[in-house]
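Architecture and fold: a report
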Amino acid sequence: EPEVTQTPSHQVTQMGQEVILRCVPISNHLYFYWYRQILGQKVEFLVSFYNNEISEKSEIFDDQFSVERPDGSNFTLKIRSTKLEDSAMYFCASSRGQSNQPQHFGDGTRLSIL
Amino acid sequence: AQSVTQPDIHITVSEGASLELRCNYSYGATPYLFWYVQSPGQGLQLLLKYFSGDTLVQGIKGFEAEFKRSQSSFNLRKPSVHWSDAAEYFCAGRYSGAGSYQLTFGKGTKLSVIP
């Protein structure tokens, strides 16, 4: 069964550094998402992406964050200058459509900011 | 604002016993509803989904959930739990109209299974 793939599984970065989290969505999916889960808290929506542009974003997704689909298969989340509070599990998801299609999630990238 | 509530943080059941995990939602209109499961070190796996129609939905791994509009609930059930079902379970909702497709998650219920 096709799945969403995320790399790396664990990223350790110094505060203030830039980090890029990578995702390969399911190949025939058109809609892509990032969520995060801070330890002990709810999974929270960050951003959705369709047709090479952001379609929706949350308050969390400020100017420090950006997303990109650099080629036909990858979908990336960049954090420009990381803060301690960015430490979390980041999940990528994709869906074939939006109306009545479920989102399928990857295994996540655990981001630790030192 | 829309919300999804899972009242139980942690539930422990014996292997072979039945299971019900509670989920309540608060949306302006009937949302789309989902249950996901997260095993340790793993991602979120979709168990089942409700969009419309039959209020009892079947999912993978023997799970089912029942949508009850009158109670604003979408509880997950399994008649006989296996040790491998030990994991964290997340209920999620989404606005069913156009314009917003973000999932709103509950806090999760951790399931422990006693042999």
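A brief structural summary. Predicted model, so just to flag it, every value in this text is computed and none were measured. (Residues numbered from 1 in each chain as written. Chains lettered and ligands numbered in written order. Predicted model: local features only at pLDDT ≥ 70, side-chain atom pairs only at ≥ 80, totals over all residues. Heavy atoms only, no water.)

**Quick word on the interface of chain A and chain B**
Facing 18 residues of chain A, the contacting portion of chain B comprises 21 residues. Here chain A and chain B share an interface that buries about 1700 Å² over both sides, 55% of which is from carbon and sulfur atoms. Looking at the side of chain A facing chain B, the largest losses of area belong to Lys-42, Glu-56 and Phe-105 of chain A, adding up to 29% of the total buried there. Inspection of the chain A/chain B interface yields zero salt bridges. If you look at where chain A meets chain B, you find six residue pairs in polar contact (both at pLDDT 80 or more). Where the side of chain A that touches chain B is concerned, the elements lending two or more residues are β4 (31–37), β5 (43–50) and β10 (104–105) of chain A. Among the elements that make up the side of chain A that touches chain B, the one with the highest residue count is β4 of chain A (three residues). In terms of residue class, the side of chain A that touches chain B is built from seven nonpolar, eight polar and three charged. (Contact = heavy atoms within 4.5 Å. Buried area = accessible area lost by both parts, 1.4 Å probe. Salt bridge = Lys/Arg side-chain N within 4 Å of Asp/Glu carboxyl O. Polar contact = N/O pair within 3.5 Å; in protein donor to acceptor, adjacent residues only side chain to side chain. Helix = DSSP H or I, 4+ residues; strand = E, 2+ residues; numbered from the N terminus. Nonpolar A, V, L, I, M, F, W, Y, C, P; charged D, E, K, R; others polar.)

**A look at the pattern of salt bridges**
Residue and element names in this part refer to chain B. If you walk through the whole model with that rule in mind, you get five salt bridges over all chains. In this structure, Glu-66 and Arg-77 form a salt bridge, with 3.1 Å as the shortest nitrogen-oxygen distance. Within this pair, whereas Glu-66 is found in strand β8 (residues 64–68), its partner Arg-77 is found in strand β9 (residues 73–78), the two being separated by 11 residues in sequence. Here the residues in one salt-bridge network are Glu-64, Glu-66 and Arg-77, joined through shared partners.

**Re the side chain of Gln-6 of chain A**
All names here are of chain A. With respect to the element layout, Gln-6 can be found in strand β1 (residues 5–7). The class for Gln-6 is buried, based on a relative accessible area of 10%. A polar contact is formed between the side chain of Gln-6 and the backbone oxygen of Tyr-90, at a distance of 2.9 Å. A distance of 2.9 Å separates a polar atom in the side chain of Gln-6 from the backbone nitrogen of Cys-92. Beyond its immediate stretch of four places on either side in the chain, Gln-6 contacts Arg-22, Cys-23, Trp-34, Tyr-90, Phe-91, Cys-92, Gly-106, Asp-107, Gly-108 and Thr-109. (Buried < 20%, exposed > 50% of the residue type's maximum accessible area, 1.4 Å probe, protein only.)

**With respect to the sheet that holds strand β3 (residues 19–24) of chain A**
Residues and elements named next belong to chain A. Here four strands make up an open sheet; going across it, the order is β1-β3-β8-β7 and the pairing antiparallel. Single-partner strands in this sheet number two, and they are β1 and β7 (65–68). Strand after strand, the sheet turns through a mean of 20° between neighbouring axes, direction not considered. Pairing between β3 and strand β8 (residues 75–79): five bridges, direction antiparallel. In the sheet register, Leu-21 faces β8, and the bridge partner there is Leu-77. (Pairing = 2+ DSSP bridges. Axes fitted to C-alpha atoms, helices over the stretch in contact; angles between N-to-C directions.)

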